[in-house]
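# A look at the structure
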Amino acid sequence: MKYLFCVFFGLVVLNNIQAQNISGQITAVNDEPLPYSNVSILNKNIGTSADSLGVFNFNVSKHLGDTIFVSQLGYQTKKIPVNSLINQTFVKIILLESQSILDEVLISNKKKTYTSVKTLGVNRSKIKFRSSVPYGYERCLYIENKEGKKGKLSWVSFDLKKKKPREGYDMFPTYYRIKFYEFNKAKNIPDKQLSSFDSIIKPKNKNQKVTINLNETYMPFSNSGICACIEAINPKPNQPKKTMYLTAPNLVVTYNEQALTWSSYRGQLWTHMTRKMKWKAFGKTSYYYANPMMKIGVQFEKQ
């Protein structure tokens, strides 16, 4: 009898732990849902996405003493202790709009004239390959301003490749969100977020070049350059169930002489990606770093 009681008690405890999910919706102050917002455990690569209506469901049974980190493009991030949300039937998380650093810049640049468009970014170097970007991760490419003149972006583009199923891995479709950041040369990381417009690409699993017109949205190109970023978004946050999976279509990546790419998980800390390839030619060894094949069109201010 004592043994049966212990088994029964253990099952009750296990069921309670498994039931510790946080469900809710992420909205703006005006009650507008914020689609595909990020919900994660602070300083850990564990999280989920809200769906197209800002609704999310997150199992926190292993993180009861941690903090939830909520982020969305154009809004201030929010940190909430996990234990403050437990036992609530449905949580509503309201995010405040971030102070746009573009407002003042936009007003002062309305009457300026610009040159014709010049293409900058990463071209194919030694080889190019496909990269399956996990959900919630950003790939951020730093594009330097070698001319040292201020300007504005006209467009941004990147390449996608069809991904075929691979044995042992489940494959899921992915959306892509485009973001822009300032680059902090002192800290050597992407810094303040520039873009506030939510540009979500919903590509099919095929070979394609994606180009986004930015002429209607002022995006400055500063003396230090800009960070152009691509975030992988999960269209169906209830999938996948496993940690080993592939997203499709894949982002096209190439190798260059500089490590120009940073990675972030759901709006958290940046990591400099320094994956490199050894290249031997004519008795000389060189190293090349993986960077996404992203390009931007820039118009420089006329003096």
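Residues numbered from 1 in each chain as written. Predicted model: local features only at pLDDT ≥ 70, side-chain atom pairs only at ≥ 80, totals over all residues. Heavy atoms only, no water.

## Comments concerning the sheet that holds strand E7 (residues 91-94)
Stated precisely, the cut-off is as follows: A pair of strands is labelled paired if DSSP reports no fewer than 2 bridges between them. Here a strand is any run of E in DSSP of at least two residues, a helix any run of H or I of at least four, and the numbering for each starts at the N terminus. Axis definition: a line fit to C-alpha positions, over the contact stretch in the case of helices; interaxial angles, taken between N-to-C directions, run 0 to 180 degrees.
Spatially, the three strands line up as an open sheet ordered E4-E1-E7, and their pairing is mixed. Of all strands in the sheet, those with a lone pairing partner are strand E4 (55-59) and E7, marking the two edges. Across the sheet, the mean angle separating the axes of adjacent strands is 35 degrees when strand polarity is ignored. In the sheet, strand E1 (residues 21-27) pairs with E4 via five bridges, with the strands oriented antiparallel. Paired with Ile22 across the bridge in E4 is Phe58.

## Quick word on the nonpolar core
The criterion, for reference: In this text, buried Ala, Val, Leu, Ile, Met, Phe, Trp, Tyr and Cys residues form a nonpolar core when linked through side-chain atoms within 4.5 Å. Residue burial is assigned from relative accessible area. The probe radius is 1.4 Å, only protein chains are included, and a residue is buried under 20% of its type maximum, exposed over 50%, and partly exposed in between.
Counting 39 residues, the largest nonpolar core has Leu153, Phe158, Phe180 and Ile296 as its most contacted members. At the level of elements, strand E10 (137-143), strand E11 (151-161), strand E13 (175-184), strand E16 (208-213), strand E18 (226-233), strand E21 (261-265) and strand E25 (294-300) are the ones that each hand at least two residues to this core. By residue number, the principal contributor to this core is E18, which donates six residues. The next biggest cluster of nonpolar side chains, apart from the first, holds 20 residues, and it includes Ala50, Phe56, Leu85 and Ile86.

## Topic: the pattern of salt bridges
Heads up, the condition is: What makes a salt bridge here is a side-chain nitrogen of Lys or Arg within 4 Å of a carboxyl oxygen of Asp or Glu, nothing more.
Across all of its chains, the model carries nine salt bridges by this definition. Close ionic contact of Glu138 with Lys179 constitutes a salt bridge, the shortest N to O distance being 3.1 Å. With a gap of 41 residues between them, Glu138 in strand E10 and Lys179 in strand E13 connect regions that are remote in the sequence. No difference in accessibility class separates Glu138 from Lys179, as the two residues are buried. Via salt bridges that share partners, Glu138, Arg177, Lys179, Asp198 and Glu231 belong to a single interconnected network.

## Regarding the confidence of the model for the protein chain
Where we set the bar: Each residue carries a pLDDT score, the predictor's own confidence in it, on a scale running from 0 to 100. Should any heavy atoms of two residues lie within 4.5 Å, those residues are considered in contact.
For the protein chain, the mean per-residue pLDDT works out to 89, and 90% of the residues sit at or above 70. Residue range residues 4-18 is modelled with pLDDT below 50. Its contacts to residues more than four positions away, or to other chains, number two contacts.

## Remarks on the packing of aromatic side chains
Threshold: Centres within 6.5 Å are what make two rings of Phe, Tyr or Trp a pair, Trp counting through its six-membered ring; a difference in plane orientation under 30 degrees is then read as stacked, over 60 as edge-to-face, and the rest as tilted. Only lysine NZ and arginine CZ atoms are considered, and such an atom sits over a ring when it is within 6 Å of the ring centre and within 35 degrees of the ring normal.
Scanning the model with the defined rule gives 10 aromatic pairs in all. Plain terms: the ring middles of Tyr36 and Tyr175 are 5.9 Å apart, the flat faces sit at 85 degrees to each other, and that makes the pair edge-to-face. Of the two residues, Tyr36 is situated in the loop between E1 and strand E2 (38-41) and Tyr175 in strand E13; the sequence distance between them amounts to 139 residues. Across the pair, exposure class does not vary: Tyr36 and Tyr175 are buried alike. Cluster of aromatic residues (ring-pair linked, three or more members): Tyr135, Phe172 and Tyr245. Over the ring of Tyr114 we find Lys152; its NZ or CZ atom is 4.5 Å from the centre of that ring. In this structure, Lys276 is placed above the aromatic ring of Tyr287, and the distance from its NZ or CZ to the ring centre is 4.8 Å.

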